Amino acid sequence: MRLILLSFIALCFCISVTAQERNISGKITAFNTYELSGVKITARKAKTEVLTNEQGNFQIKCKKNDALKIQADGFQTQVIKLSDDNVLKINLIYLNSGPAFKSAVEAKHITENDLEYAVENLMQENNDYSRYQNIFELIQAISPLAKVVNSDGFNRIYLTSQGPNTLAAGAHALLVLDGMITENISSVQPVQVASIKVITGADASMYGTRGGNGVIEIELKH
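A brief look at the structure comes next. Quick caveat, the model's predicted, so the values are computed rather than measured. (Residues numbered from 1 in each chain as written. Predicted model: local features only at pLDDT ≥ 70, side-chain atom pairs only at ≥ 80, totals over all residues. Heavy atoms only, no water.)

### Focus on the overall build of the protein
Here's step 1: Helix and strand content of the protein: 5 helices and 14 strands.
Here's step 2: When burial is assessed residue by residue, the protein has 38% of its 222 residues classed as buried.
Here's step 3: Residue pairs in contact within the protein that sit at least 24 positions apart in sequence constitute 56% of those at least 6 positions apart.
Here's step 4: A total of about 12,900 Å² of accessible surface is found on the protein, and carbon and sulfur atoms cover 52% of it. (Helix = DSSP H or I, 4+ residues; strand = E, 2+ residues; numbered from the N terminus. Buried < 20%, exposed > 50% of the residue type's maximum accessible area, 1.4 Å probe, protein only. Contact = heavy atoms within 4.5 Å. Areas by Shrake-Rupley, 256 points an atom, 1.4 Å probe, with all protein chains shown as cover.)

In structure tokens, the structure reads:
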């Protein structure tokens, strides 16, 4: 009798565990066109991890109310809280910089030829920023180390942690909106942004001393 009871309890436990698990499948793309291989998908609660195949497909075991973390070199990391859908289509945002280009190609997420073509012709497909609450949240998603500090009535963005890099420049990044240097981008809504680029180091030298602490270039949709 005791053995039957223990077996029944074990069966109920297994059913309960199974009910809290789910299999999620999906496809990871970039520029809404190219399938990305070797992208790491991690289920935070289930502690499972998989990589996408050459067609960008994946399948992963998750907990019922899990969240997926999607990581690929050269692309913005995304965290997606699972809904009722068991099949996902996720388009990653390319970070659009020299290091990002090199990282994405070396990791074999995408071929060099495809990425070159996409950067030249498909950036509008890449840049859907409507899910961000404000422009500063978007910038911190593009550049996770960026800090936003209110100073003199403006939100200043700091890309470096060591203070000013030049005597003539403040510690905050230079903001360039549609080709014009500006002090304030608070009114810019993420949905308006066509492209955004964070430039640091030698690449920012085109702006002279004012670019010594990095530059954020923003182009709006017209």
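Let us keep going from here.
### Some remarks on the sheet that holds strand β7 (residues 78-81)
Here's step 1: Read from one edge of the open sheet, 4 strands run β4-β3-β6-β7, paired in antiparallel fashion. Among the strands making up the open sheet, the edge pair consists of β4 (48-51) and β7. When the angles between neighbouring strand axes are averaged without regard to direction, this sheet yields 20 degrees.
Here's step 2: When strand β6 (residues 67-71) meets β7, the two strands line up antiparallel, connected through 4 bridges. Paired with Leu68 across the two strands is Ile80, which belongs to β7. (Pairing = 2+ DSSP bridges. Axes fitted to C-alpha atoms, helices over the stretch in contact; angles between N-to-C directions.)

### Side note on helix α5 (residues 135-142)
Here's step 1: Counting buried positions over the 8 residues of α5 gives 6, a clear majority of the element.
Here's step 2: Among the residues making up α5, those that are buried are Ile135, Phe136, Leu138, Ile139, Ala141 and Ile142.
Here's step 3: Those residues of α5 hidden inside the fold are in contact with β9 (147-151), β10 (154-158), β13 (193-199) and β14 (215-220).

### Description of the nonpolar core
Here's step 1: Core analysis: the biggest nonpolar cluster contains 28 residues, and Ile28, Phe31, Leu68 and Leu92 have the highest contact counts within it.
Here's step 2: Contributions of two or more residues to this core are made by β1 (21-30), β3 (40-43), β5 (57-63), β6, β8 (87-92), α2 (98-106) and α3 (112-121).
Here's step 3: In this structure, Phe31 is in contact with Asn91, Leu92, Tyr94, Leu115, Ala118, Leu122, Met123, Glu125 and Asn126, ignoring residues within four places of it in sequence.
Here's step 4: One finds Tyr132, Ile139, Leu175 and Leu177 within the second-largest nonpolar core, a separate group that totals 23 residues. (Core = buried A, V, L, I, M, F, W, Y, C linked by side-chain atoms within 4.5 Å.)

### Here we look at unusual backbone geometry
Here's step 1: In the Ramachandran plot, Asn32 falls in the positive-phi region, its phi being about 55 degrees despite a non-glycine side chain.
Here's step 2: With respect to the helices, strands and loops of the structure, Asn32 is situated in the loop between β1 and β2 (34-35).
Here's step 3: Phi is positive for Lys47, close to 65 degrees, though the residue is something other than glycine.
Here's step 4: With respect to the secondary-structure elements, Lys47 resides in the loop between β3 and β4.
Here's step 5: Look at Lys47 and you get exposed, because its relative accessible area is 68%.

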